[in-house]
Amino acid sequence: MRKSYLDNIRWVTVVLVVFFHVLYMYNSEGIPGTLGKITSLEVQYYDVYMYIVFPWFMAILFIVSGISAKLYLDRHTDKEFIGSRTTKLLVPCTIGLVAFQFIQGYINMSFGDAGSMDIPAVIKYLIMLASGIGVLWYIQVLWLFSMVLILIRKIEKNRLLNTGKKTNLPALILLSLAFYGAGQILNTPIICVYRFGLYFTAFIMGYFVFSHDEVIDILKKMVWALLPCSYSAWCGVLYKILWPELCG
């Protein structure tokens, strides 16, 4: 059965992602591959938006992807799941990267004056492919996690799934520590895009925990109590990150 709230979470999060990437291109931190600040302000206050959404919006998408994987596997075999994820994720992603996404890589290289390097065309094209992955990273990682999930399912034999169904409010609160810890490991250096620890945890929790209606019902009942806690936590994080910058 299709769950409309998952569709709503998806489109809202995608909108957040679009705004994030627009502002990211003009951030004031001088991150390589971006155009840089376009105002005369010492601090671009709209950069705060990126600080607010970056830590969690992709984690939300991976949680939703984990839930969706559970709903699909309830009605299909592992073989059908592998075939579906390969044809809908890996194949289009690979073809798209080779056929036209390399153009994004060319643009990225031009920002850093790398396009003028005197290297063979084949090597330059391969660099464009790697640099042009862009938003396709999500599709690549999602396919990889889906394949790992099939292996986990064969090992755990629904034991973890049944345990996840019993997750109560204290356990959900403690899960925040698991997410925090996972966010500190398996991150790619320099440009932290492939946050394997955090995103795999989100995907697996989506499948084993948040796919259960019983768990969602707990969150629904406690939403007004949890929102102030979340707001207070983020105020503390933003204060710690931004106060030194605002003070120069």
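Refer to the structure presented above.
All values derive from a computational prediction rather than experimental measurement. (Residues numbered from 1 in each chain as written. Predicted model: local features only at pLDDT ≥ 70, side-chain atom pairs only at ≥ 80, totals over all residues. Heavy atoms only, no water.)

Participant: Could you clarify how one ought to interpret the packing of aromatic side chains in this entry?
Facilitator: Any pair of aromatic rings gets described here by the distance separating the centres and the angle formed by the planes. Overall, the coordinates contain 13 aromatic pairs when judged by the stated rule. Residues phenylalanine 145 and phenylalanine 203 carry aromatic rings whose centres are separated by 6.0 Å and whose planes lie at 40° to one another, so their mutual orientation is tilted. Pair noted here: phenylalanine 145 is in helix H6 (residues 136-156) and phenylalanine 203 is in helix H9 (residues 196-208), with a separation of 58 residues, a long-range link. The pair phenylalanine 145 / phenylalanine 203 is uniform in exposure class, with both members buried. Each member of the aromatic cluster is reached from another via a ring pair, and the members are Phe62, Trp137, Tyr138, Phe145, Tyr199, Phe200 and Phe203. (Phe/Tyr/Trp six-rings, centres within 6.5 Å; stacked < 30°, edge-to-face > 60°. Helix = DSSP H or I, 4+ residues; strand = E, 2+ residues; numbered from the N terminus. Buried < 20%, exposed > 50% of the residue type's maximum accessible area, 1.4 Å probe, protein only.)

Participant: I would appreciate a short explanation of the nonpolar core in the present structure.
Facilitator: Proteins that are soluble and globular tend to have nonpolar side chains buried together. Ranked by internal contacts, the top residues of the largest apolar core, which has 46 residues, are Met58, Phe62, Trp137, Leu149, Phe203, Val209 and Phe210. Only helix H1 (4-24), helix H2 (48-53), helix H3 (57-73), helix H4 (78-111), H6, helix H8 (169-182) and H9 provide two or more residues apiece to this core. Setting aside its immediate chain neighbours within four residues, phenylalanine 210 contacts Tyr5, Ile63, Ile67, Leu172, Leu175, Met205, Val215, Ile216 and Leu219. (Core = buried A, V, L, I, M, F, W, Y, C linked by side-chain atoms within 4.5 Å. Contact = heavy atoms within 4.5 Å.)

Participant: For this particular structure, what's the right way to read the packing of H3 against H9?
Facilitator: When two helices pack together, their arrangement is given by the angle between their axes and by how far apart the axes lie. Two elements in contact, H3 and H9, have axes separated by 7 Å at closest approach and are oriented at 40°. In terms of crossing hand, the pair formed by H3 and H9 is right-handed. Note on element contacts: H9 touches H3 through Tyr199, Ala202, Phe203, Gly206 and Tyr207, opposite Met58, Ala59, Phe62, Ile63, Ser65, Gly66, Ile67, Ala69, Lys70 and Leu73. In terms of residue class, the contact of H3 with H9 is made up of 11 nonpolar, three polar and one charged. (Axes fitted to C-alpha atoms, helices over the stretch in contact; angles between N-to-C directions. Left-handed = near helix turned anticlockwise from the far one by under 90°. Nonpolar A, V, L, I, M, F, W, Y, C, P; charged D, E, K, R; others polar.)

Remember that the coordinates give geometry; whether it matters functionally is a separate question.
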